[in-house]
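Next come the chains, spelled out residue by residue.
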Amino acid sequence: MKFTFGKKDKLKSQKLIERLFLEGKSVSAYPLRLVYLQTNFDDGSTLKTGVSVSKRNFKSAVHRNRIKRLLRESYRLNKRLYFNNITTSYALMILYIGKDKPDYDTVNTKMKTVLSSFLEKISRD
RNA sequence: CAAGUAAAUCGCCUUAUCGCUCUGCAUGAAAGUGUAGGGAGGAAAGUCCGAACACCAAAGUGCAACAUAGUGGUUAAUGGCCACCGGUCGUGAGAUUAGGAAAAGUGCAACAGAAAGCAAGUACAGGUUAAGCUGUAGUGAAAUCAGGUAAACUCUAUGUGGUGCAAUGUCAUGUAUACCAACGUUUGAGGGCUGCACGUUCGAUUGUUGGAGGGUAGACAGCUAAAGUGUAUUGGUAACAAUGCAUUCAGAUAAAUGAUAAGGGUCACGCCUUGGCGCGAUACAGAAUUCGGCUUAUAGAUUUACUUGUAAA
RNA sequence: GACUCGGUAGCUCAGCUGGUAGAGCAUAACACUUUUAAUGUUAGGGUCCUGGGUUCGAGCCCCAGCCGGGUCA
């Protein structure tokens, strides 16, 4: 798996996102929360991931964009370490639930903990 | 030199590594891969005006409603902009200004005051047969003249059909013209997107409201070459216009335009001291159909013109 | 994207066509009571969301902004 995060790896279907929030389970490591749902995709990709920041906590579009870019970047760099040997398909949504603007280091370390706890949880099930 | 006024411009840079999105070309059955190039703003914001464009009864008539309000110009258009006149503020450069009509009518004016209409008349002085008959004072934003007030109703002039890219068209997927209640309906219900009326047209597999539910919410076009941008000349006080030359400059859709590291620039502060060191800051803000304006936010930097004060020549 | 409603005391709200801003609850003091609660009397508390304008005078009228609700596929 490469360090890429292209169109096929992004979660885009509105229907699937609705189902994800209705039926999905979640793990969290403040200020991040990961919502996941086991499913199947038609185009052959194993994981589809989206990121989201609440408009309630961050009014400025610039700040929201900045946080989403940080989340996407840290997911892109870390996903090879965790999902290289994964077989089942999942839809993921990573939410930022904090109220302060983060820097890259905290997002990166928290991303690692939330991904590892996700792996632990699905291997237990 | 100090303080200020107006107008205009810019608003971080370089390198390395790893990425995102669009377009062209090559390759491939396809997914993709390789390669070349493009990729946020002066406000992209607020959605306050004006248009383009699209659809909606022949885009009908009247009323209502709303907007604007000195004069002239400018523009595709405007409630924007420019020039001039008048008012207000400032020593000044300048700033600001919804600035038509009170002899069409209706209303309003607290407190004070005799009185802010339709009825009266305070104090002092004068004056007369008599009398608010005359003058002054006093109250108040305004006091005998009928005035003020229209960002009070109103009148006058001018303008406005409605809805908005979630418009609209094509394709795909799925379904319920079902059920319950009330009211109405070939004696014309109801629809054709408007607040009302009229007119016109369609019109019987029946309409409206409420309840309780079912389904879709994908793709493509619209979608970016345009009242475009830069520059020069000419006309005009100016807004702006005309002509020549050059140029092609985002198109995403849970929504790209980035992340990390190093170095530099600019500004403020501190230290030594006159160019180094340290530390901090580097704004407001992120396209979503497209333009022209307006309004609001904005660290800091630059340029031009001018005013006032002080000093020197 | 298109519309619409509101902002007044610590809280919930009045204030309708402009003339010194009120009510209830809450707070404080006093009285009553052995004490508290309840009750009674009194007092304090307001940039009327912000900034301009019209007016002699704006909570109210006009303009611009800020904040918070709600509706429409």
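Residues numbered from 1 in each chain as written. Chains lettered and ligands numbered in written order. Predicted model: local features only at pLDDT ≥ 70, side-chain atom pairs only at ≥ 80, totals over all residues. Heavy atoms only, no water.

### Quick notes on the overall build of chain A
For chain A, the count of helices and strands is three helices and four strands. For chain A, the sequential pattern of α-helices and β-strands runs α-β-β-β-α-β-α. Over its C-alpha trace chain A gives a radius of gyration of 14 Å, about what one expects of a compact globule, namely 14 Å for 125 residues. A buried classification covers 39% of the 125 residues belonging to chain A. Total accessible area computed for chain A in this model is approximately 7,700 Å², and 47% of it derives from carbon and sulfur atoms. Distance between charge centres in chain A, computed from 27 positive and 11 negative side chains, equals 5 Å. (Helix = DSSP H or I, 4+ residues; strand = E, 2+ residues; numbered from the N terminus. Rg over C-alpha atoms; globule rule 2.2 N^0.38 Å. Buried < 20%, exposed > 50% of the residue type's maximum accessible area, 1.4 Å probe, protein only. Areas by Shrake-Rupley, 256 points an atom, 1.4 Å probe, with all protein chains shown as cover. Lys, Arg positive; Asp, Glu negative; His and termini not counted. Charge placed at Lys NZ, Arg CZ, Asp CG, Glu CD.)

### Side note on the nonpolar core
Counting 25 residues, the largest nonpolar core has L71, L92 and F118 as its most contacted members. A total of six residues in this core trace back to one element, the largest contributor, which is helix α3 (residues 104–124). When residues no more than four places from it in sequence are discounted, the contact partners of L71 are L32, V51, S52, I94, Y96, V107 and M111. Residues L11, L16, L20 and A91 belong to the second largest nonpolar core, which totals nine residues. (Core = buried A, V, L, I, M, F, W, Y, C linked by side-chain atoms within 4.5 Å. Contact = heavy atoms within 4.5 Å.)

### A closer look at the protein's contact with RNA strand B
Neighbouring RNA strand B are 24 residues; K7, K12, R66, R69 and R76 lie closest to it. A share of 72% of the atoms of RNA strand B within 4 Å of the protein falls on sugar and phosphate groups. R72 is positioned such that a nitrogen or oxygen atom in its side chain is 3.3 Å from a phosphate oxygen of RNA strand B. In the model, a base nitrogen of RNA strand B is placed 3.3 Å from a nitrogen or oxygen of the E73 side chain. Of all the secondary-structure elements, those providing two or more residues to the surface near RNA strand B are α1 (14–23) and α2 (61–83). The dominant element in the surface near RNA strand B, judged by the number of residues it contributes, is α2, at ten residues. Among the residues making up the surface near RNA strand B, the classes are represented as nine nonpolar, five polar and ten charged. (Near = heavy atom within 4 Å. Polar contact = N/O pair within 3.5 Å; in protein donor to acceptor, adjacent residues only side chain to side chain. Nonpolar A, V, L, I, M, F, W, Y, C, P; charged D, E, K, R; others polar.)

Any link to function would need more than the numbers given here.
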